[in-house]
Every structure is written in structure tokens, then in C-alpha cells.
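Next come the chains, spelled out residue by residue.
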4 protein chains.
Amino acid sequence: MSASITLRNRIAERGLIHVMAAHSPLSAILVEEAGFDGIWASGFELSALHGLPDMSFVSMSQHLDMLRAMAGRVSIPIVADIDTGYGNALNVTHAVREYERAGASAVVIEDKTFPKVTSLVAGGRQELVRTEEFQGKLEAAIATRGDPDFLVIARTEALIAGLGEEEALARAAAYEAAGADMILIHSKRKTPDEIESFARTWKGAVPLVIVPTSYPEMNEKRVRALNTIAMVIYGNHGLRAAVTAMRDTFRRIIADGGALNASRDIVSVEEIFRLQNMEAAKDSEKRFLR
Amino acid sequence: MSASITLRNRIAERGLIHVMAAHSPLSAILVEEAGFDGIWASGFELSALHGLPDMSFVSMSQHLDMLRAMAGRVSIPIVADIDTGYGNALNVTHAVREYERAGASAVVIEDKTFPKVTSLVAGGRQELVRTEEFQGKLEAAIATRGDPDFLVIARTEALIAGLGEEEALARAAAYEAAGADMILIHSKRKTPDEIESFARTWKGAVPLVIVPTSYPEMNEKRVRALNTIAMVIYGNHGLRAAVTAMRDTFRRIIADGGALNASRDIVSVEEIFRLQNMEAAKDSEKRFLR
Amino acid sequence: MSASITLRNRIAERGLIHVMAAHSPLSAILVEEAGFDGIWASGFELSALHGLPDMSFVSMSQHLDMLRAMAGRVSIPIVADIDTGYGNALNVTHAVREYERAGASAVVIEDKTFPKVTSLVAGGRQELVRTEEFQGKLEAAIATRGDPDFLVIARTEALIAGLGEEEALARAAAYEAAGADMILIHSKRKTPDEIESFARTWKGAVPLVIVPTSYPEMNEKRVRALNTIAMVIYGNHGLRAAVTAMRDTFRRIIADGGALNASRDIVSVEEIFRLQNMEAAKDSEKRFLR
Amino acid sequence: MSASITLRNRIAERGLIHVMAAHSPLSAILVEEAGFDGIWASGFELSALHGLPDMSFVSMSQHLDMLRAMAGRVSIPIVADIDTGYGNALNVTHAVREYERAGASAVVIEDKTFPKVTSLVAGGRQELVRTEEFQGKLEAAIATRGDPDFLVIARTEALIAGLGEEEALARAAAYEAAGADMILIHSKRKTPDEIESFARTWKGAVPLVIVPTSYPEMNEKRVRALNTIAMVIYGNHGLRAAVTAMRDTFRRIIADGGALNASRDIVSVEEIFRLQNMEAAKDSEKRFLR
């Protein structure tokens, strides 16, 4: 059974699945062990891991390498964040082919124009591509996937671009018509109201995906109450936790002039061995080293 | 001024420098911000980041890619862990050329045989290469470096291999004679006594390096008292801190059915933006985007 | 149907298959178009493409990247040259997992010790690993493959190491006993006699593979007459042809002070477009660009 | 002396330099040996090597890896083809930083919009970015380079986009005003007349660059007569020569059922050893292997 079917089945069985961002096989293993249903192969986290802004500085090759390494170490499905698809509909065909080969079970493509800019730049720049153009990109993705169960998820930034709920709903419907398997609706509000309103109004046949980073009070209970959201993506909590802990540990070691105290509050080296699958290596040594 | 000179100067000025392991540009930035003198581009941490045992599964290309990305984001010198040098003295020439090009200021080469095995495998396997053979590797490294200030650090595993202090001292002296700039003396004892004894007995002209992972009570004060150690490498504390925090955060989000509580104890998204150098990106937008 | 089954079926149907070395997707496409049965993902050609000696300077990552790119562009099976397996039996498990994921249908593992040295170095250095040790590596490969049709081919360098036919036959039999699907028997003689003698004497149940680079008079007719060889690998002819032509073309352009004459004797830019699959790109533009 | 100064000096001394495209360190070595003044790290050739259309399918990482490998093996300067700079002016800053680190002496940035489309797509699609927008990209490149001798070459596609000589000249002047070190003027005419007219009319202080692929009768004599062109780039002749020869050799081996005849017309394996710098490896073995 392919990981893509697994992903579809989980959504069907549970009604709602939880997907956590990872930026490395190690963080992906921890995501799986914690009990999440899938991995979000996040462009933002990978950019941050490189200490670079999330502006297409990290290349598709680098993202694929990381996704492939994760796919080699976890069993849960991987949802790939491919931004705008690295260009136009042709670049989408190339990307979908490569992400599927690398082990992804789904891609999320967004309707912004390439390249990204920060919110600093005023005016029309946070603009979206035309609806028909984005439909072409979705159709390109769908025609390219080898496995019909591989999910193509359309992400609309209409609310963030300030185009309003009506436009967001119209785009979501158009993307569903083009064949999208799910619609990711994104918001940057500090409260869930904008998303809740959209989710209540949505009448499409395909379910919604949300990324409640800026409105974390949007918990499972509230999500289930809406009845239209089937996937929650947690976008960057692992990375932020890692930064918090590394900073603290580094500062303590500097302050103490040694690692004695800092060592007490972090996992042991043996626990790292376990995550590296040292047990399997030892078994192989016993069986095959002569 | 090259980063290699910076590294040599810091050692000369301070007598003792502190070098922390990093497994990504992000962790390297945090190392620099905390005030460490250098980065340890650790093979162990990179293997763990890939969820793989530290047995040469991660390739030299992958290590170089990571080191290069770190060198693009930090100003402090990078000391590269190149294990046994990826083969014999010829492979060392190739490795030194590539690590220097990638932005390292120093390499550490160890005198174990390739490939690595776990301690499980009994007997003679944790064996070392002959002293003359390792001298050839050091001479190859020294003859290859383009910048004469680039440091070649010889790591002896004689104590770990159970060969005793006398052999460890003899090897260290032979490596110094071959041109090594520093000697890394490694121990797996749970207490510093083995290292302290070696450091007290060492009469060489070049200073020592230690990695006090298993004997963290070996703090700056005790190190300075010995007067022969010029570099302390902290081998894996950032990675262990990151694992600890990611695990905790992931578990809380699963338990809570949402990220509200977990979000309160981790750095903000804005802090990640800062580490990504978003400020520079915004400045560039203002200056160059039209 | 997996590419590995295709490879096994072709061998079964034709009795003898022809496999040509490639160093890029472009050369692989030309191999396929010429009518070969498979691609030899050659370590030697890839090293040469990098202008580096074939001494494990090119990493497994680089080899995998190239193989993966080839697998994305050709339909015929790919046989991967993995040298000694990048270390011991543990490294073999990692390598087999990765080569299978990258799209190889077979691996060839050789019984030399790592690292490689040139023939310049006298004495015992061109030595082989112990037979039992190599059996462990083969068993590791076989236990690791996910697809039971994925071929594990054992390459013995016994003749090249000067150990004689008897030792070569004994090793080949031991490797078959360990589960090898085929035996690659290598010779550096300038004539086929050594190989023909071995092939005539071989009584194993698994077929042989040869690489007749230094004895090119060993053609299909002579091979078929022996009745024990099922695969001929052409090791480096594409690369040598490319070097010959590039050199000639570069010299002519320099001599002429322009490309007019040189352009007449090389394929057109349109032919390169065809090999880049520009037709498919144009089709996609028509279907998906709006 | 940096490679960038070497490039500037050669242009100053010779008035006109010849730069040949390479797609690998091997082809770059042959370019250098033939006597060219520099290497063109061509996006088109690298895409073709991957069997992919030249539509930003090959990533910046892949291009950098290849350029870096070339820079490790040749001494002549490398001019990097960075297309539109991988996005907007911000992406240009990232690209210039990385190409300079990888060993390039110059970048060529073109004024087309991203992403590329084939000529099939009618109408306004082969359009250029606004002049001021492209000036911003050039200024971003210039502000980013670490070495002031690193060349930023502006390529205008105005003639190809059908905008006429006047617009081409206006853009060239605007790009010079923004700080471009040279102007690459491109044409797809089958004869040199369009380029010759532009070159005769050009009154700027910075010299021109041409890529006479489709009008190869534009030889050194005609170029020198114009007095404004300082660099000729040969865009894809090595790759086309390689394809021609590989195809022929592969077909002969299939037709002959063996490599005997084909082997006679291609360079020897020993010649490949020479290009791999096997001599240096043997020297290192003698000096360092014990």
C-alpha cells in the first residue's frame, strides 16, 4: 500500500488528521514517535534551518534531498510544501514528478506569484496569479502524478492578500473544479474567526486544510465542530522549540564554563543512538560482519 | 584576514577556546550568538540529523554542503570533523582541498581504521592504523592545505582503543613530529582522570584539544589548571537540547489537541525571522526592488 | 512491472544482454536510443566526468544523484557500480537501500579492500577481503533489498590480484553460495584468453558478467560460444568518445577563430532540444499554460 | 591574484577573449587545454546533460555544484550563466553571493521574466522585465559582490523579444548606468547582421559580449573589426560534439556486437587517466602512503 493511500485512508477514517512540520529526518522521527499522522516538509523550516529567509533561496534540490532523507526514516506520509511550484505550470510538472519520486504523498501548491516578497513591500505585490492560470497549474500537477492517490492540495492566499472571503471561496471552488483534492485556506489573523467563517461557508465536496500558527486557540475541538476541515498542519513548532532549547543550553555552557549542568536537562547520548537506529546497525554487525 | 588566522589568534590570545558542535547554519548562528569561539562541524550531529548511525553513512558531499552553508552564515571559525579522512592518505588530500574550499579553518583527522564499528564488535576491531601510516595522512593534509594557517589537528583514539597512556603519548608525539598543529586526545571514561593524567604528562610543543562529553565536570577551571589544553569541543549538546525540546513540544500538542500551550514556551515566529536575517532581506527589497 | 524484473526477463529471454556505461542522463538517453539493454552507472565514468581519479573521491551522494537523474529519463534498467560497497557490510546495507530507492535494478559489489590504490603501489596492496567477509557483504545486500528481483552481482578481482583461476573459481562459487545473482569476473589482460578459460571452467548455476574493455575482440559471437556469460558491460566508451569529439571541436574553433566549420560536423541545437524532451514541454505549455 | 582580476586583465590585454561552454569538470579541462580564455558555465548545457529542457528545471544548487567542481579543476576564469537571477533582486543577492563563493569570476544576468517559456507560446510571453526593475537587479548584484573585480554582465534579450535595436540600445545604456561591467547582446538571427549593426552603433563605455551560436560565420576577424566586442561565448559546441560522438560510438558497438572497431577511433583509457590527474594521485601515493 502506498503512503498516499495511507494518507487518504487516515483522512477518511479519522475525519481529521494532524500533520507536524519537520526540517530533518531526526525531527521527522520525533514527529512520528509523538503520534502525528503525517509530516509537513516545510519550506519555511528548511529555509530557517539554513539561516535564510523563506524566499526561494533554498532550492528545490535541497528540499528534495531533505524530503528523501526523511522518507527513508519514517513510515507516516509526507506532505510537501512546494510554494508556487517553482515557476509556471511546466515547472509544476517537473516538481510533482520529482516530489513523488522522492517519497512525498501530497503536495501543497499556492496561488501567489513568484518570487515571494515580505509584507514590507506595499501595494499589489502580495498578489495572486489569475484563477485560470492557477487552475492550469493544478491540472498540470494532476496530469503528472503517477499514483492517482497522490494528493494535490491547492492553497489559496486570497484572505492574506486582502481579497475577502467571497474571492477566497470562488477561488477554492475553481481549484476544486480543476481537480484539487483538498483546499488549504490560509489566514494571518491573530484569531480564528476569519478561518472559521470560511470553513462554515465552504460548500465544496473536498475538505479543507488549515495552518493555525497565528491563532493557536484553534484546537481539535473547534476544528471538528466546523465539519469541513480534514487536516491541521502545525507549521513550525518543532523548529521554534529546537531554537529555544539550543539557545538556552548554549548560554548555560558559556555561563558555567562547562557542560555539567546543561547536560542534566537534555536527553542522553544513548537516546540519540536510539534515534539513529543504532540497534539495527548492531544487529547487522552481528549478522554480516565477519 | 582568513578565518584560519582568526582561529590561531584566538587560541594565542585566550589560551583556551570553546568550540560548540553545530548541525545546521541555524544552530551555528546560535552558537555564535552565545559567544563560543568556533563551530565544530560534527559528523556525529550530522549523522543524527539524518537519523543515521555515525558510520560513514552520511557522505563527504553531504558534510561539505552543510559546512558550506554554515560558513555562509557565521563569522567564527569552523573546525571540521573529517573522521579518518574518508580513506587513505590520498583521500585525505582530496578531503582537505574540499574542506578548505568549503570554508573550514581546521580539520580533525583520527587514527582509527575505516570503516567504523560499534563497541559491540569485540576484539581487535576498534583498532588504529599504524603510526607511520597516520603520519603519512597528516603529511598529506599539511602538504595539501592552501593556507598555511589552516590547522591540521590529529586525533588519537589510543586511550579508547585500550592501548594505554604510553602509546597515546608516543602517538601524539609522532603526530606532532609529522606536523600536526594540535593533538585531540579522546577518552570515554566517565571521569576526567584519564584525560587529566595525559594532559599533565604531555610535553609536546603543540597544545591539546579535548571533547569532554562523558566527563562534563571537566570545566574551564580544571582545564586551565592543566595548562596544556587550548581547545574544548562540546560535541553534541545542541542536538541533544533540540531533541529534548522537540519531543516535549510534539507530545504537548498531541496531548492538548492543539498548539496553544506549546506555543507559549517556544520562541516566536518573529525570532525565527530574525535568525533568517529577514532584516537584510527587507533592506534589499527597499534598495533594489522596483 | 519493476525495472528489476525487466532486467531479469531480458537476461532470461535473450541469453545475453549488452549494458553500456553512462555518466549523465544525456548519455543514458543515447545508450537507450542505440538499443542497449541496460545502463552501467559507472563509478569510473562519473569520476572522470569530475576530472578526478577513480579513488572514492566522488561520494556515494554524488553517484546517487546522477543515477536518480538517469532513472528519471530512461526506461531501460540501470546496473549500479558500487565499488566495495563504501565500507564494510553495514555500509553495504545503507548503500543497497539507497541505490534501490534511487532507481537501480542491480548493484555490482567487488571484493577488493577499501580504499583503492593505483597499480603503482607494489606488493600486497591490491589485496582482496577474506572470502567469508565478502560473503557477509553479499548477504547484507541480499537481506536489505526490498524487491527480491533486485540483482546483487558479485565482482571478483581475484584474477587481477594475481591469485589465479583456481582462487577466482573458488571465490565465485563462495559468492554464489552466499546468494549472488551473477558473478562479474574481471581481467586486465590484453586478450580474452584468461576470461574465456574462466568462463569455460565455470560450473556454477548463476551466469557470468564481463567487462571487455582491454580485450575488445571479445565480441558477442565469442561470448555466446562460451554459454556461461549473460551480461557484457561496456565500461567507458561513451566517455572516451565524448572526450575525443570535444577535444577535436575545441581545437578547431580555436584554430579557425570561430565555430563555422566545427558546427557543420556536430548535431544541431534542435537535436539537443529533442534529447531534452522539448516536445513534451511544448505539449505541457499548450495544455496547462494560461 | 583572483580569477576575476585574471579575467579583467585578459580582456584588457587581448581586446577580445574566447569563452567556451562546459557542462562538467572534464569538458572544462578540455576547454582549458584547447586554449580558451575562460569557461562558460552554461545553464543550457547543464540542463541538456540532465536530459531536461532549459526551463529552470535544473536548480541553482545543481548548477553551483557543477561550477564548484569545475573551479576545483581548472585555472581559467569561469563565467556563470545565472539566467534571470532565480527570481527578483533579492534572489540575485543570494545567487551572486553563492556563485562568487563557488568560484565564478563573473555572472551573466538576463532581462527576461521568469519563468522561461518556449517560443511556441505566442504573444507577450517572451517579455522583458521593466528597465528600472532590471537596473535594481544589477545594482543588487554589484552591491553584493565581495570582490570588486567580480564582473556583473547584463544580458538583454530585447532583440530576441522583437523590441528593435533602439530599445536594445536604450536598455544597454541603462544597464551600463546601473553599473554593469559588460553588455551581452543576444540575437537569434541566422546571420550576424543584427548583432553587427548593434555593435557598430553601441557608444557605451563598457564592452559587448556575444554568443554567435546561430550565426557562426561571426568569426574573430569580423568581431575585431567592430571594435566594441570584448568577449565571444561559444554556447554549446562541446555538448553537441559529445552527443555526436557518443551516438556514433554506441551505434557502432550495437551494430558490431562488440567494441573492437569503436575502440580504435576514441581516446585510450590512459588518456582518461591523464585527464583525471592520475599522475598527481600516484605522486601522492609515493609521498604519503605507508
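All values reported here derive from a predicted model rather than from experimental measurement.

Residue and element names in this part refer to chain C. On the basis of which strands lie adjacent, the closed barrel formed by eight strands has the order 1-2-3-4-5-6-7-8 and parallel pairing. Looking at each pair of strands side by side, their axes are set apart by 25° on average, direction ignored. Alignment of strand 4 (residues 106–110) against strand 5 (residues 151–156), held across five bridges, turns out to be parallel. Paired with Glu110 across the two strands is Arg155, which belongs to strand 5.

Okay, the pattern of salt bridges next. Summed over the entire model, instances satisfying the criterion amount to 100 salt bridges over all chains. Note that Arg14 of chain B and Asp37 of chain B form a salt bridge whose closest N and O atoms lie 2.4 Å from each other. Highlighted residues: Arg14 of chain B in helix 1 (residues 3–14) and Asp37 of chain B in the loop between helix 2 (25–34) and strand 2 (38–41), separated in sequence by 23 residues. What makes Asp37 of chain B buried here is its relative accessible area of 4%. One salt-bridge network, in which partners are shared between bridges, spans Arg8, Arg145, Asp149 and Asp181 of chain A.

Take the interface of chain B and chain A next. On the chain A side, the residues contacting the 77 residues of chain B number 77 residues. Between chain B and chain A lies a buried interface of about 6,600 Å² when both sides are counted; carbon and sulfur atoms form 73% of it. Looking only at chain B, the three residues that lose the most surface to chain A are Arg240, Phe250 and Gln276 of chain B, adding up to 11% of its buried area. Here chain B and chain A share four salt bridges between them. When the shortest N-O distance is used, the salt bridge between Arg247 of chain B and Glu33 of chain A registers 3.5 Å. Run the count over chain B and chain A and you get 14 residue pairs in polar contact (both at pLDDT 80 or more). Elements represented by at least two residues in the side of chain B that touches chain A include exactly strand 1 (17–22), helix 2, helix 3 (43–49), helix 10 (237–256), helix 11 (260–264), helix 12 (269–275) and helix 13 (278–288) of chain B. Per-element accounting of the side of chain B that touches chain A gives the leading share, 16 residues, to helix 10 of chain B.

What follows concerns the relation of the copies chain B and chain A. At an RMSD of 0.0 Å, chain B and chain A line up after a rotation of 180° and a shift of 0.0 Å along the axis. On this basis, the relationship between the two copies can be described by a two-fold rotation axis. Within chain B, Ala242 of chain B has its C-alpha nearest the rotation axis, a separation of 2.1 Å. A share of 100% of the interface residues of chain B reappears at the interface of chain A, consistent with the copies meeting face to face through the same patch.

How big an interface is tends to be reported as the loss of accessible area on association of its parts. Each partner contributes to the interface: chain D provides 77 residues, whereas chain C provides 77 residues. In terms of surface lost to chain C, no three residues of chain D exceed Arg240, Phe250 and Gln276 of chain D, which account for 11% of the buried area on that side. Mapped by element, the contributors of at least two residues to the side of chain D that touches chain C are strand 1 (17–22), helix 2 (25–34), helix 3 (43–49), helix 10 (237–256), helix 11 (260–264), helix 12 (269–275) and helix 13 (278–288) of chain D. If one sorts the elements of the side of chain D that touches chain C by residue count, helix 10 of chain D sits on top with 16 residues.

Right, let's get into the domain arrangement of chain A. Residues and elements named next belong to chain A. Domain boundaries in chain A define domain 1 (3–236) and domain 2 (243–288). Computed from C-alpha atoms alone, the centre-to-centre distance between domain 1 and domain 2 is 33 Å. Opposite the five residues of domain 1 that make contact, domain 2 presents four residues. Interface of domain 1 and domain 2: buried area, both sides summed, is about 340 Å²; carbon and sulfur atoms make up 51% of it. Among the residues of domain 1 in contact with domain 2, Leu26, Glu33 and Arg73 are the three that bury the most area, contributing 77% of the side total. Taken together, domain 1 and domain 2 are joined by one salt bridge. Its salt-bridge partner being Arg274, residue Glu33 comes within 3.0 Å of it at the nearest N-O pair. Linking domain 1 to domain 2 there are two residue pairs in polar contact (both at pLDDT 80 or more). Of the residues contributing to the side of domain 1 that touches domain 2, the split by class is three nonpolar, no polar and two charged.

What counts and what doesn't
- Residues numbered from 1 in each chain as written.
- Chains lettered and ligands numbered in written order.
- Predicted model: local features only at pLDDT ≥ 70, side-chain atom pairs only at ≥ 80, totals over all residues.
- Heavy atoms only, no water.
- Pairing = 2+ DSSP bridges.
- Helix = DSSP H or I, 4+ residues; strand = E, 2+ residues; numbered from the N terminus.
- Axes fitted to C-alpha atoms, helices over the stretch in contact; angles between N-to-C directions.
- Salt bridge = Lys/Arg side-chain N within 4 Å of Asp/Glu carboxyl O.
- Buried < 20%, exposed > 50% of the residue type's maximum accessible area, 1.4 Å probe, protein only.
- Contact = heavy atoms within 4.5 Å.
- Buried area = accessible area lost by both parts, 1.4 Å probe.
- Polar contact = N/O pair within 3.5 Å; in protein donor to acceptor, adjacent residues only side chain to side chain.
- Least-squares fit on C-alpha atoms with pLDDT ≥ 70 in both.
- Domains from an automatic or database assignment.
- Nonpolar A, V, L, I, M, F, W, Y, C, P; charged D, E, K, R; others polar.

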